[in-house]
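Results of the structural survey
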Amino acid sequence: MTTPEPLLARARALQLHGVVSHWAECAQAPWIAPLIEWEETERARRSLERRLRCAHIGRFKPLADFDWRWPEQCDQAAIAELMTLGFLETATNALLVGPSGLGKTTIAQNIAHQAVLRGHTVLFTTAGQLLGELAALDSDSALRRRLRHYASPTLLVIDEVGYLSYSNRHADLLFELISRRHEKKSTLITTNKSFAEWSEVLPNAACVVALIDRLVHHAEIIALKGLSWRHKEAQERAATNARKRKSARSPA
């Protein structure tokens, strides 16, 4: 049976001020423990729903269904380690580097979802959406507020860095955001470009070297190599269709 002292501490944590102020009257009541448990359960459920909604992770395939045999190079153990979320405790960054179609986004979504389930605040966005939104703000106060919005989550996921090229203003905004999070919060980035190619993504930007330096200072870097998963599925469909056509041409 739960003792009154832990129940009182839980009631205070829930800010049940009426219950706390009349604790001497209700401490031994048979309904007090279920009441506190119901309140904790409901608040946890609502908190999870709110954090999932605000994370914008989207639909994704669970890693249990991920075909680890397809990429020619993919450190499954390193990804499993990221799924434990230990890197969040040390504000370490994570970078998934490799060609398009190897599952970088899926892996990032799974890590983000796990972080939400563990009680962390998470925000998932693409580089295009993030930088487009920041660059469109035309007042310093609005920009500061939005930078705080992106700087505050325990885990910020920036997907698809490298698929578009950006201006110097975009580069400066990304540098400002990464600098705010550096050694304070973890950032997970997926990119199809090696760091040597980031000058193509942010051409003529003076901050590219400093940006990469902050990202990799404390970072887990996982490289993926191989052909696109979508290319694999297209090959399988083509092979299936070829078998169907061959079967249709065969005499009965």
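In case you missed it, the structure is sitting above this.
Reference entry: report on the structure contained in this document. In this text the structure is predicted, and so the values were computed from the model without any measurement.

Procedures and definitions
Residues numbered from 1 in each chain as written. Predicted model: local features only at pLDDT ≥ 70, side-chain atom pairs only at ≥ 80, totals over all residues. Heavy atoms only, no water. Buried < 20%, exposed > 50% of the residue type's maximum accessible area, 1.4 Å probe, protein only. Helix = DSSP H or I, 4+ residues; strand = E, 2+ residues; numbered from the N terminus. Arc of directions from axis to C-beta. Contact = heavy atoms within 4.5 Å. 1 Å grid on protein atoms, 1.4 Å probe; cavity = no way out; pocket = protein on both sides within 12 Å on 5 of 7 lines; lining within 4 Å. Points joined across faces, edges and corners; volume = space filled by probe spheres on them. Nonpolar A, V, L, I, M, F, W, Y, C, P; charged D, E, K, R; others polar. Pairing = 2+ DSSP bridges. Right-handed = clockwise from strand over helix to strand, strands pointing away. Core = buried A, V, L, I, M, F, W, Y, C linked by side-chain atoms within 4.5 Å. Axes fitted to C-alpha atoms, helices over the stretch in contact; angles between N-to-C directions. Phe/Tyr/Trp six-rings, centres within 6.5 Å; stacked < 30°, edge-to-face > 60°.

Another point: helix α8 (residues 127-136). Listed as buried for α8 are Ala127, Leu130, Leu131 and Leu134. Down the axis of α8, the buried set is contained in an arc of 85°. They therefore lie on one face. Buried-residue contacts for α8 involve β2 (122-126), α9 (140-151), β3 (155-161) and α10 (168-181).

Once that is clear, we can look at the layout of surface pockets. Reported here for the second largest pocket is a volume of approximately 170 Å³. Contributing to the lining of the second largest pocket are Arg50, Arg51, Cys54, His120, Thr121, Val122, Leu123, His149, Ser152 and Pro153. Looking at the lining of the second largest pocket, the elements that each hand over two or more residues are α4 (32-55) and β2. When residues in the lining of the second largest pocket are grouped by element, the largest group, three residues, is from α4. Considered class by class, the residues forming the lining of the second largest pocket number four nonpolar, four polar and two charged.

Quick look at unusual backbone geometry now. Although it is not a glycine, Gln15 sits at a positive phi angle of roughly 60°. Tracing the chain through its elements places Gln15 in the loop between α1 (4-13) and α2 (17-21). A positive phi angle, close to 60°, is found at His56, a residue other than glycine. One can find His56 in the loop between α4 and α5 (76-83). Assessed through its relative accessible area of 52%, His56 is described here as exposed.

Here we come to the pairing of strand β4 (residues 186-191). When you tally the buried positions in β4, you get six out of six residues, the bulk of the element. Burial along β4 is two-sided: the face carrying Ser186, Leu188 and Thr190 and the face carrying Thr187, Ile189 and Thr191 are both buried. Note that strand β1 (residues 93-97) and β4 share four bridges and pair parallel. Its bridge partner being in β4, Leu95 is matched across the sheet by Ile189. As paired elements, β3 and β4 share five bridges and run parallel to each other. Counted as the bridge partner of Ile158 is Ile189 from β4. Where the polypeptide runs from β3 across α10 and back to β4, its parallel neighbour, the crossover connection is right-handed.

General note: in soluble globular proteins, nonpolar side chains tend to be found buried as a group. In terms of nonpolar packing, the biggest core is built from 30 residues, with Leu130, Ile158 and Leu202 touching the most fellow members. Elements with a minimum of two residues in this core: β1, α8, α9, β3, α10, α11 (198-201) and α12 (208-217). In terms of residues, this core owes the most to one element, α10, which gives five residues. In this view, Leu202 contacts Tyr166, Ala171, Val208 and Leu211; residues no more than four positions away in its chain are not counted. Judged by nonpolar contacts, the second largest core, of 27 residues, contains Leu102, Ala108, Val122 and Leu188.

Turning our attention to the sheet that holds β4. A sheet is described by the order of its strands in space; here five strands give the open sequence β2-β3-β4-β1-β5, paired in parallel fashion. At either margin of the open sheet sits one strand with a lone partner, and together these are β2 and β5 (219-223). Strand-to-strand twist across the sheet, computed as the mean angle between neighbouring axes with direction ignored, equals 10°. α10 rests against β3 and β4 of the sheet, and its axis sits at about 150° to β3.

Counting across every chain of the model gives two aromatic pairs. Ring geometry for Phe195 against Trp198: centres 5.6 Å apart, planes inclined by 55°, an arrangement best described as tilted. We classify Trp198 as buried; its relative accessible area is 1%.

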